[in-house]
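What the coordinates show
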Amino acid sequence: MTSLAPLAPLGILGGTFDPVHWGHLRLAEEASEQLGLAAVRWIPAGQPAHRHAPQASARHRLDMVRLAIAGNANFQLDDAEVQADTPSYSVPTLQRLREEQGLARPLVLLLGADAFLGLTGWYCWQELFGLAHIAVATRPGNPLDAACLPAALSREYLARQCDDPARLKSCPAGLILPFSITPLDISATRLRESLALGHSPRYLLPDPVLDHISRHTLYSPSPAP
C-alpha cells in the first residue's frame, strides 16, 4: 500500500490592507517560494479588532486586494471577514479554515516581525499554535531574538522554533519559523499620509490599486482650512 504524500501548506495572510502595497505582495511572494506553500490566502479584515477603524471601507479594501493579486495563480482572495458583521479575530478565522481544509492540511499564518512581537495582545493567542504554524518575516541580518520577546511568547518560540521549511509539511500546526525577506520600507500609514497631502505614491503600490484609489477619491487630500 502506498502512503499519501504530505499536503503542501496553505499560507494565510490577513490584514487591513489600507491600502495594499508592494511590501504585502513581496512578503506573500517570497513566503510562497521559500516555504513551499500550495497557495497564499489573502484575508482582508472587515472590522479589525486590534486597531483603529481603517480609513477605507471594507469593500474598497477587498477590491484593492483583488486588483493587486490578479494574475497570480498562487494567490487566493477570501472575503469572509469582509462579509461578516462581527470583529475580525485570527483564531475564529483559522478555525473556519481548519474546518474547510481538514485536519491534515498544514496552515501557515504569515506575520511580519512587528506583528509577531505583539502576539500576546491578540485574542486567545495561545490557541493559534493548535490551528496553524506561524511564519515570521524578518529583515536580512535581523533574526528573531527570544530575549527580545515577551516572556510568555519567548517560551513558546523556544519550544516551537523551526528553521527548516520542509518540516511545515510534517504536521498541520504548531511550529514557528522565521524567514528572511527583501526589505521594502513601505508603510500603509505613510501611504495614507502621503495621499492626504496630495503627494504621489506611484511605484509604492500597484497601478491598478492606485487607479482605484484615484477613481473613488480614497485617502483624498484634506481641504484647506
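Report follows, based on the coordinates. These numbers come from a predicted model, not from an experiment.

To continue, consider the overall build of the chain. A count of helices and strands for the chain gives 8 helices and 6 strands. Scanning the chain from its N terminus toward the C terminus, one meets helices and strands in the order β-α-β-α-β-α-α-β-α-β-α-β-α-α. In summary, the chain has a C-alpha radius of gyration of 18 Å against a globular reference of 17 Å for 225 residues, a match within 12%. If you line up the chain on its principal axes, its C-alpha atoms span 70 × 40 × 35 Å. Counting across all 225 residues of the chain, residues that qualify as buried make up 46%.

To continue, consider the pattern of salt bridges. The tally for this structure, following the rule as stated, stands at 10 salt bridges. Measuring nitrogen to oxygen at the nearest pair gives 3.1 Å for the salt bridge that ties Arg41 to Asp78. Remark: Asp78 occurs in the loop between strand E3 (75–77) and helix H3 (80–83) and Arg41 occurs in strand E2 (residues 39–44); sequence separation between them is 37 residues. Per residue, the accessibility class of Arg41 equals that of Asp78, and both read buried. In this structure, Asp207 engages Arg202 in a salt bridge whose closest nitrogen and oxygen atoms are separated by 3.0 Å. The network of salt bridges with common partners includes Arg41, Asp78, Arg96 and Glu100.

This brings us to the nonpolar core. Core analysis: the biggest nonpolar cluster contains 34 residues, and Leu35, Trp42 and Leu110 have the highest contact counts within it. The set of elements that each furnish at least two residues to this core consists of helix H1 (22–35), E2, helix H2 (58–69), strand E4 (107–112), strand E5 (133–138), strand E6 (176–180) and helix H8 (207–215).

Okay, the packing of aromatic side chains next. Counting across every chain of the model gives 5 aromatic pairs. With a centroid separation of 4.7 Å and 45° between ring planes, the pair formed by Tyr89 and Tyr123 is classed as tilted. In this pair, Tyr89 sits in the loop between H3 and helix H4 (90–101) while Tyr123 sits in the loop between helix H5 (113–117) and E5, placing the two residues 34 residues apart along the sequence. On the accessibility criterion, Tyr89 (29% relative accessible area) is partly exposed. For Tyr123, a relative accessible area of 42% gives the class partly exposed.

As a general feature of sheets, a regular strand has side chains that alternate between the two faces. With 5 of 6 residues buried, E4 lies mostly within the body of the structure. In terms of strand pairing, strand E1 (residues 10–15) meets E4 through 3 bridges, oriented parallel. Following the sheet pairing, Leu10 is matched in E4 by Leu107. Relative to E5, E4 is paired through 5 bridges, and the arrangement is parallel.

Below, the discussion takes up the environment of Pro201. Structurally, the position occupied by Pro201 is in the loop between helix H7 (188–196) and H8. Owing to a relative accessible area of 4%, Pro201 belongs among the buried residues under this scheme. Along the sequence, Pro201 and Ala70 sit 131 residues apart, while their C-alpha atoms lie 20 Å from each other. Residues contacting Pro201, with those up to four places away along its chain left out, are Leu191, Leu195 and Leu210.

Our focus in this paragraph is H7. Those residues of H7 that fall on the buried side of the exposure criterion are Ala188, Leu191, Arg192, Ser194 and Leu195. Looking down the long axis of H7, one finds its buried residues gathered within 160° of arc, a one-sided arrangement. Two or three places before Thr189, at the opening of H7, Ser187 has a side-chain oxygen 3.1 Å from that residue's backbone nitrogen.

The first and last C-alpha atoms of H4 sit 16 Å apart over 12 residues, in line with the 16 Å expected at 1.5 Å per residue. Every buried residue belonging to H4 is among Val91, Thr93, Leu94, Leu97 and Arg98, and all of these are buried. One face of H4 carries all of its buried residues, which in axial projection span an arc of 160°. Gly102 occupies a position one or two residues after H4 and carries a positive phi of about 95°.

This brings us to the pairing of E6. Pairing of E5 with E6 involves 5 bridges; the strand directions are parallel. The residue bridging Ala135 from the neighbouring strand is Leu177, located in E6. In this fold, the crossover linking E5 to E6 by way of helix H6 (residues 151–160) has right-handed handedness.

Rules used in this analysis
Residues numbered from 1 in each chain as written. Predicted model: local features only at pLDDT ≥ 70, side-chain atom pairs only at ≥ 80, totals over all residues. Heavy atoms only, no water. Helix = DSSP H or I, 4+ residues; strand = E, 2+ residues; numbered from the N terminus. Rg over C-alpha atoms; globule rule 2.2 N^0.38 Å. Buried < 20%, exposed > 50% of the residue type's maximum accessible area, 1.4 Å probe, protein only. Salt bridge = Lys/Arg side-chain N within 4 Å of Asp/Glu carboxyl O. Core = buried A, V, L, I, M, F, W, Y, C linked by side-chain atoms within 4.5 Å. Phe/Tyr/Trp six-rings, centres within 6.5 Å; stacked < 30°, edge-to-face > 60°. Pairing = 2+ DSSP bridges. Contact = heavy atoms within 4.5 Å. Arc of directions from axis to C-beta. Polar contact = N/O pair within 3.5 Å; in protein donor to acceptor, adjacent residues only side chain to side chain. Expected span 1.5 Å × (residues − 1). Right-handed = clockwise from strand over helix to strand, strands pointing away.

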